[in-house]
Amino acid sequence: MKRKYSRALVGLAVIIACLVITNPSRSTFRDYLGFSNKLEEITVIRREKNFMIFSIHSWNYVNGKTEGKYLGIVGNFFLLSN
């Protein structure tokens, strides 16, 4: 019985480690959106919250109008709101 718990804990630790390693960065988000350096002058790209295993990214124009929020997890991005 004790071995089952040990295996489960090791499995959980491996899954969490994989999520932490594949948590996408701000530069990965910029590449995902396809922004060049010229476009970055009129937009703000940021990581709003970093929960280590996933993060919330957003981009908006310099005037503050938010254009999109994305969930970043396992190296991928999923649209949360537009």
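Note: the structure precedes this text.
Keep in mind it's a predicted model, so treat the numbers as computed, not measured.

Colleague: Just to check I follow, could you spell out the pattern of salt bridges for this structure?
Modeller: Opposite charge on two side chains makes pairing possible when the charged atoms of those side chains draw close. For the structure shown, the criterion picks out 2 salt bridges. As a salt-bridge pair, glutamate 48 and arginine 46 come within 3.5 Å of each other at their nearest N and O atoms. With a closest N to O distance of 3.4 Å, lysine 69 and glutamate 48 form a salt bridge. Pair noted here: lysine 69 is in strand β3 (residues 66-73) and glutamate 48 is in strand β1 (residues 43-50), with a separation of 21 residues, a long-range link. With relative accessibility at 30%, the residue lysine 69 sits in the partly exposed group.

Colleague: What is the right way to look at the packing of aromatic side chains in this model?
Modeller: Aromatic ring pairs: the centre-centre distance and the angle between the two ring planes describe each pair. Scanning the model with the defined rule gives 6 aromatic pairs in all. Grouped by ring-pair contacts, the aromatic residues Phe29, Tyr32, Tyr70 and Phe77 constitute a single cluster.

Colleague: Explain the side chain of asparagine 23 to me, please; I cannot follow it from the model alone.
Modeller: Within the secondary structure layout, asparagine 23 lies in the loop between α1 (2-21) and α2 (26-33). At 3.3 Å, the side chain of asparagine 23 forms a polar contact with the backbone oxygen of methionine 52. If we ignore the near neighbours within four places in the chain, the residues touching asparagine 23 are Asn50, Met52, Ile53, Phe54, Ser55 and Gly72.

Colleague: Is there a simple way to explain the environment of isoleucine 73 in this structure?
Modeller: Within the secondary structure, isoleucine 73 sits in strand β3. For isoleucine 73, a relative accessible area of 23% puts it in the partly exposed group. Sequence-wise, isoleucine 73 and serine 55 are 18 residues apart; in three dimensions their C-alpha atoms are separated by 6.8 Å. With residues up to four places along the chain from it excluded, the contact list for isoleucine 73 reads Leu19, Pro24, Ile53, Phe54 and Phe78.

Criteria and thresholds
Residues numbered from 1 in each chain as written. Predicted model: local features only at pLDDT ≥ 70, side-chain atom pairs only at ≥ 80, totals over all residues. Heavy atoms only, no water. Salt bridge = Lys/Arg side-chain N within 4 Å of Asp/Glu carboxyl O. Helix = DSSP H or I, 4+ residues; strand = E, 2+ residues; numbered from the N terminus. Buried < 20%, exposed > 50% of the residue type's maximum accessible area, 1.4 Å probe, protein only. Phe/Tyr/Trp six-rings, centres within 6.5 Å; stacked < 30°, edge-to-face > 60°. Polar contact = N/O pair within 3.5 Å; in protein donor to acceptor, adjacent residues only side chain to side chain. Contact = heavy atoms within 4.5 Å.

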